[in-house]
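So you can see what is in the structure, the chains are spelled out below.
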Amino acid sequence: MNKEKYYITTAIAYTSGKPHIGNTYEIVLADAIARYKRSQGYDVFFQTGTDEHGQKIEMKAEEAGITPKEFVDQTAGTIKEIWDLMNTSYDKFIRTTDDDHEAQVQKIFKKLYDQGDIYKGHYEGMYCTPCESFFTESQLVDGKCPDCGREVQPAQEEAYFFKMSKYADRLIEHINTHPEFIQPVARKNEMMNNFLLPGLQDLCVSRTSFSWGIPVDFDPKHVVYVWLDALTNYITGIGYDCDGNSTEMFNKNWPADLHLIGKDIIRFHTIYWPIFLMALDLPLPKQVFGHPWLLQGDGKMSKSKGNVLYADELVEFFGVDAVRYFVLHEMPFENDGVISWELMVERMNSDLANTLGNLVNRTVSMTNKYFGGTVTNKGAACDQADIDADLKAVTAGAVVNVEKKMEDLRVADAITEIFNLFKRCNKYIDETTPWVLAKEEATKDRLETVLWNLIESISEGAKLLVSFMPETSEKVLSQLGNGTGTVTEKPEILFARLDLEEVMKKVEELHPPVEEETEENVIDIEAKPEITFDDFGKMQFQVGEIIACEEVKKSRKLLCSQVKVGSQVKQIVSGIKGYYSAEEMVGKKVMVLVNLKPAKLAGVLSEGMLLCAEDAEGNLALVSPEKEMPAGAEIC
């Protein structure tokens, strides 16, 4: 009987630099899903890789004084090393500089051009180099890129375009009739309401302003734009051929069962990619899951703050499986997760060293101490039958609950179910008190039964853990005898407790703060024209107190604050969501320009402006009065 196939992919990592722990989270998440599907008997094919073309790469290579190919070879090597370090079980690592991928992209471009889906024109708009995306003025947020919040530059060039509107109605119908296609549901609503229903613009699919890309073979001054190049990796990597000579692997595995991606690129994977596939007359992937972000605990990552976290450094402190546990367990299903050195130490000590490590150690030690390392099931329940039954029920329930959670891709919840079982095992030890049972010969059979029950339940939990912490699972099962009833002679410490002060001292030595400003630690900005005192007098600045704040639903950057200024409450929209959460805004005293003409930002009325300072890296900080001042105090 043939196994049911399961094709899972990650987004391919962009080779502009070393991936931080937030980037690494995705490959670990995909690996956990792939391993779990294999354990269920699926024939899994797991693909990941690197995205290696584009203007940003060309610029980075020039800065480094090497060719773009040399640059991406180095960076792709680093990415692959980190994926391997994290014990990820991918089957294919594709690079978009692979010869077979580049050849297929050229053929795909030509096919779409020949059938009238791609046409030549001119593009004029605002271009964001980091995102490699064009935007119209109306799409910008506060004049900046709506995706990353960085500065954009006007650009105009000859380009080829894809007729997106030709397939829009068909895609809308597919999304409406396949509710599982885009997950979580909030991502689906965002795509429908913000992009598809208002109407799609034609998509620029070639560039002429740089050369590091796959050439359009029938018009060599053009290179294929990054998204048509990168997205097609999901089919070229398994042997798709545009001429109809696709491999057996492609015919077996396509359509993909799951595209796992970050929420920031959901638009490209749920609008552009499905439309490309429709144009190629290929079935759409069964599901696209846009996972949330893993953020640093002290705010946005910054080299000057020394708070950029990398997987290889975390592994040096905590080990591979501890890092895997943290990134998988601490990430909610829909909301962003938080990572910091302090949180890692806390989880290491409480969940891993105590709940799991100490449980295994106690069980192995007591089995050796009381029975020479071997126990059998004596079935001696005595007056504690209910306790035994409850442990067995929790054990059986964990198996069922983990399966349910994984079916919905709720990986963090699945891990919680497993650790709830381990916690129940610890409670079982406290309830049965083996050290008391060991004092009487009459309760020896009961003691042996207790230890047998413990070994069985912990082993079941360890088997469930294999998808998430494979090395730890193997160690636990080995120490417990792999179902034989004979434990190892001496328990191995699975996770050692760490001292937070010692860890933070080493972290500070590893990452001392770096001054990246000018010699005098001063930022020079371009001077604006002088104004008169009368001009300045027209502006009214007052102290305000933020009494409520919420995210603007149509924007990734905007927060809407209710600001008390004297006896008034003004609604002010600010582009600071990347630096403050809505919750932490409440209660802050801020400086407000109160007589700014009201305007709508992303459809929300704003009645003033909060004053912020900006450093050389573009990080923002609210300006607050140095001393306690009442809301409404004049700033003069």
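Residues numbered from 1 in each chain as written. Predicted model: local features only at pLDDT ≥ 70, side-chain atom pairs only at ≥ 80, totals over all residues. Heavy atoms only, no water.

Caption draft 1: The overall build of the protein, seen in detail. Helices and strands together make up the secondary structure of the protein, namely 21 helices and 25 strands. Taking the principal axes of its C-alpha atoms as reference, the protein extends roughly 95 × 75 × 50 Å. Scored against the burial criterion, the 636 residues of the protein give a buried share of 52%. Charge separation in the protein, taken as the distance between the mean sites of 67 positive and 101 negative side-chain charges, equals 4 Å. (Helix = DSSP H or I, 4+ residues; strand = E, 2+ residues; numbered from the N terminus. Buried < 20%, exposed > 50% of the residue type's maximum accessible area, 1.4 Å probe, protein only. Lys, Arg positive; Asp, Glu negative; His and termini not counted. Charge placed at Lys NZ, Arg CZ, Asp CG, Glu CD.)

Caption draft 2: Main features of the packing of helix H11 (residues 311-318) against helix H12 (residues 320-329). One can describe the packing of H11 onto H12 by two numbers: an axis separation of 7 Å at closest approach and a directional angle of 115 degrees. Crossing handedness for the pair H11 and H12: right-handed. Every residue of H12 that contacts H11 at Leu314, Val315 and Phe318 is listed here: Val320, Ala322 and Val323. Within the contact of H11 with H12, the residues separate by chemical class into 6 nonpolar, no polar and no charged. (Axes fitted to C-alpha atoms, helices over the stretch in contact; angles between N-to-C directions. Left-handed = near helix turned anticlockwise from the far one by under 90°. Contact = heavy atoms within 4.5 Å. Nonpolar A, V, L, I, M, F, W, Y, C, P; charged D, E, K, R; others polar.)

Caption draft 3: Quick peek at the environment of valine 345. Here valine 345 is to be found in helix H13 (residues 341-371). With relative accessibility at 3%, the residue valine 345 sits in the buried group. When near neighbours in sequence (up to four residues on either side) are disregarded, valine 345 contacts Phe318, Leu498, Leu500 and Val503.

Caption draft 4: Just the pairing of strand S12 (residues 258-262), in detail. Burial within S12 is extensive, with 5 of its 5 residues counted as buried. Neither face of S12 is exposed, since Leu258, Leu260 and Gly262 on one face and His259 and Ile261 on the opposite face are all buried. Considered for its hand, the β-α-β crossover made up of S12, helix H10 (residues 266-279) and strand S13 (residues 288-291) is right-handed. (Right-handed = clockwise from strand over helix to strand, strands pointing away.)

Caption draft 5: Representation of the side chain of serine 561 within the structure. Locating serine 561 in the fold gives a position in strand S17 (residues 559-565). For serine 561, a relative accessible area of 1% translates into the label buried. When sequence neighbours within four positions are dropped, the list of residues in contact with serine 561 reads Ile546, Ala548, Cys549, Lys570, Gln571, Ile572, Met585 and Leu610.

Caption draft 6: View of the nonpolar core. Membership of the largest hydrophobic core comes to 90 residues, with the highest contact counts inside it found for Ile33 and Phe468. The dominant element in this core, judged by the number of residues it contributes, is H13, at 12 residues. Setting aside residues no more than four positions away along its own chain, phenylalanine 468 makes contact with Ala32, Arg324, Leu328, Met406, Val411, Ala414, Ile415 and Ile418. One finds Phe45, Leu112, Tyr127 and Val216 within the second-largest nonpolar core, a separate group that totals 63 residues. (Core = buried A, V, L, I, M, F, W, Y, C linked by side-chain atoms within 4.5 Å.)

Caption draft 7: Expanded view of the pattern of salt bridges. Taken as a whole and judged by the stated rule, the model has 32 salt bridges. Aspartate 114 serves as the salt-bridge partner of lysine 110, at 2.9 Å between the closest nitrogen and oxygen. Of the two residues, lysine 110 and aspartate 114 both sit in helix H4 (residues 99-114), 4 residues apart, roughly one turn of that helix. The salt bridge partner of arginine 347 is glutamate 346, with a shortest N-O separation of 3.4 Å. (Salt bridge = Lys/Arg side-chain N within 4 Å of Asp/Glu carboxyl O.)

Caption draft 8: Spotlight on the environment of asparagine 595. Structurally, the position occupied by asparagine 595 is in the loop between strand S19 (589-593) and strand S20 (599-601). We classify asparagine 595 as partly exposed; its relative accessible area is 36%. Residues asparagine 595 and aspartate 388, spaced 207 residues apart in sequence, show a C-alpha to C-alpha distance of 71 Å. Here the side chain of asparagine 595 touches glutamine 540 through a polar contact of 2.9 Å, landing on its backbone nitrogen. (Polar contact = N/O pair within 3.5 Å; in protein donor to acceptor, adjacent residues only side chain to side chain.)

Caption draft 9: Focus on the environment of glutamate 545. Looking at the secondary structure, you find glutamate 545 in strand S16 (residues 541-551). Residues glutamate 545 and methionine 629, 84 residues apart in the sequence, show an inter-C-alpha distance of 9.8 Å. Residue contacts for glutamate 545: discarding those within four places in its chain leaves Gln562, Val563, Lys564, Gly587, Lys588, Lys589 and Ala631.

Caption draft 10: Seen up close, the sheet that holds strand S7 (residues 153-162). Pairing is antiparallel across the open sheet formed by 4 strands, whose spatial order is S6-S5-S7-S9. Only two strands of the sheet have a single partner each, and these edge strands are strand S6 (133-135) and strand S9 (203-204). Here strand S5 (residues 118-128) pairs with S7 via 10 bridges, running antiparallel. Its bridge partner being in S7, glycine 121 is matched across the sheet by alanine 159. Most of the contacts of H10 go to S7, to which it runs at about 30 degrees, and overall it touches S6, S7 and S9. (Pairing = 2+ DSSP bridges.)

Caption draft 11: Seen up close, the state of the cysteines. The full count for this structure, using the stated rule, is 0 disulfides. Cysteine cysteine 560 shares no disulfide, and the gap to the nearest cysteine sulfur, in cysteine 549, comes to 7.2 Å. By relative accessible area, which is 6% here, cysteine 560 ends up buried. (Disulfide = S-S within 2.5 Å.)

Caption draft 12: Structural detail: the packing of aromatic side chains. Taken as a whole and assessed by the stated rule, the structure comprises 24 aromatic pairs. Each ring, one from tyrosine 7 and one from tryptophan 254, has its centre 6.3 Å from the other, and the planes form 65 degrees; the classification is edge-to-face. Here the residue tyrosine 7 occupies a position in strand S1 (residues 5-10), and tryptophan 254 occupies one in the loop between helix H9 (248-253) and S12, the gap between them amounting to 247 residues. With relative accessibility at 8%, the residue tryptophan 254 sits in the buried group. Plain terms: the ring middles of phenylalanine 109 and tyrosine 160 are 5.6 Å apart, the flat faces sit at 90 degrees to each other, and that makes the pair edge-to-face. Separated by 51 residues along the polypeptide, phenylalanine 109 in helix H4 and tyrosine 160 in strand S7 bring together distant segments of the chain. (Phe/Tyr/Trp six-rings, centres within 6.5 Å; stacked < 30°, edge-to-face > 60°.)

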